[in-house]
Amino acid sequence: QVQLVESGGGLVQAGGSLKLSCAASGSVHSVNTMGWYRQAPGKQRELVATISSSGTTNSADSMKGRFTISRDNAKPAVYLQMNSLKPEDTAVYYCNYRTVLLGGSNFWGQGTQVTVSS
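Let me begin by describing the structure that accompanies this report.

Rules of the game
- Throughout this description, residue numbers start from 1 for each chain and increase along the sequence as written.
- It should be noted that, the model being predicted, local features are given only for residues of pLDDT at least 70 and side-chain atom pairs only at 80 or more, the latter also being counted only at that level, while totals for whole chains, interfaces and linings use all residues.
- In computing side-chain values, all of the structure's heavy atoms are included and hydrogens and water are not.
- Two rings from Phe, Tyr or Trp (for Trp, the six-membered ring) form a pair when their centres are within 6.5 Å of each other. A pair whose planes differ by under 30 degrees is stacked, one over 60 is edge-to-face, and the rest are tilted.
- Secondary structure counts use DSSP, requiring at least four H or I residues in a row for a helix and at least two E residues in a row for a strand, with both numbered from the N terminus.
- Cation placement over rings: the criterion is NZ of Lys or CZ of Arg within 6 Å of the ring centroid and within 35° of the ring normal.
- Each residue is assigned to one of three classes by its accessible area relative to the maximum for its type, calculated with a 1.4 Å probe on protein chains only: buried under 20%, partly exposed between the two thresholds, exposed over 50%.
- Here the rule is simple: two strands pair whenever DSSP picks up at least two bridges between them.
- Axis definition: a line fitted to C-alpha atoms, over the contacting stretch in the case of helices. Angles run 0 to 180 degrees between N-to-C directions.

Here the focus is the packing of aromatic side chains. For any pair of aromatic rings, the description rests on two quantities: the centre-to-centre distance and the angle between the ring planes. The tally for this structure, following the rule as stated, stands at 2 aromatic pairs. Measuring from ring centre to ring centre gives 5.1 Å for Tyr37 and Trp108, while their planes differ by 70°; the resulting arrangement is edge-to-face. On the criterion of sequence distance, the pair formed by Tyr37 in strand β4 (residues 33-39) and Trp108 in strand β10 (residues 105-108) is long-range, its members being 71 residues apart. Their ring planes at 40° and their centres at 6.3 Å tell us that Tyr97 and Phe107 sit as a pair that is tilted. Of the two residues, Tyr97 sits in strand β9 (residues 91-99) while Phe107 sits in strand β10, which places them 10 residues apart along the sequence. In this structure, Arg45 is placed above the aromatic ring of Tyr94, and the distance from its NZ or CZ to the ring centre is 3.7 Å. Directly above the aromatic system of Trp108 lies the positively charged group of Arg45, at a separation of 4.5 Å from the ring centroid.

Quick look at the structure:
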């Protein structure tokens, strides 16, 4: 089992910034991918960005240039720096951990609310 604890969400005005953090604990394998997904009310959960333990990143086109994902393998933790926030970025942001090792596993955090006011 892997436990993911998110922090850093909140209320911010349009154009502002927030930084989300996600700390992983438990049976964390050294080879993994961690990332962020979000879900707005009435919408499906969507990819924000992911980053592998080797540093390879993947992100949604709509967020490139505004959001930056990073990680600290030593902790381990993943971060999401969000700049130039827009009201449409309002959503619950979920941390994700997955690995293909030992048959594969996939875990989610409890989510953190990000609200961007206009």
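The buried fraction of β4 amounts to 6 of the 7 residues, a majority that puts the element mostly inside the structure. One ladder, built from 6 bridges, connects β4 with strand β5 (residues 46-52); its direction is antiparallel. By the bridge assignment, Arg38 is partnered in β5 with Glu46. Counting the residues between successive antiparallel strands, the hairpin from β4 to β5 contains 6 residues, one of them, Gly42, with a positive phi of roughly 75°.

We now examine the sheet that holds strand β1 (residues 2-7). The sheet built from 4 strands is open, its strands ordered β1-β3-β8-β7 with antiparallel pairing. Each having just a single partner strand, β1 and β7 (67-72) make up the two edges of the open sheet. The mean inter-strand angle of the sheet, taken between neighbouring strand axes irrespective of direction, is 15°. Of the strand pairs in this sheet, β7 and strand β8 (residues 77-82) are connected by 6 bridges, and their pairing is antiparallel.

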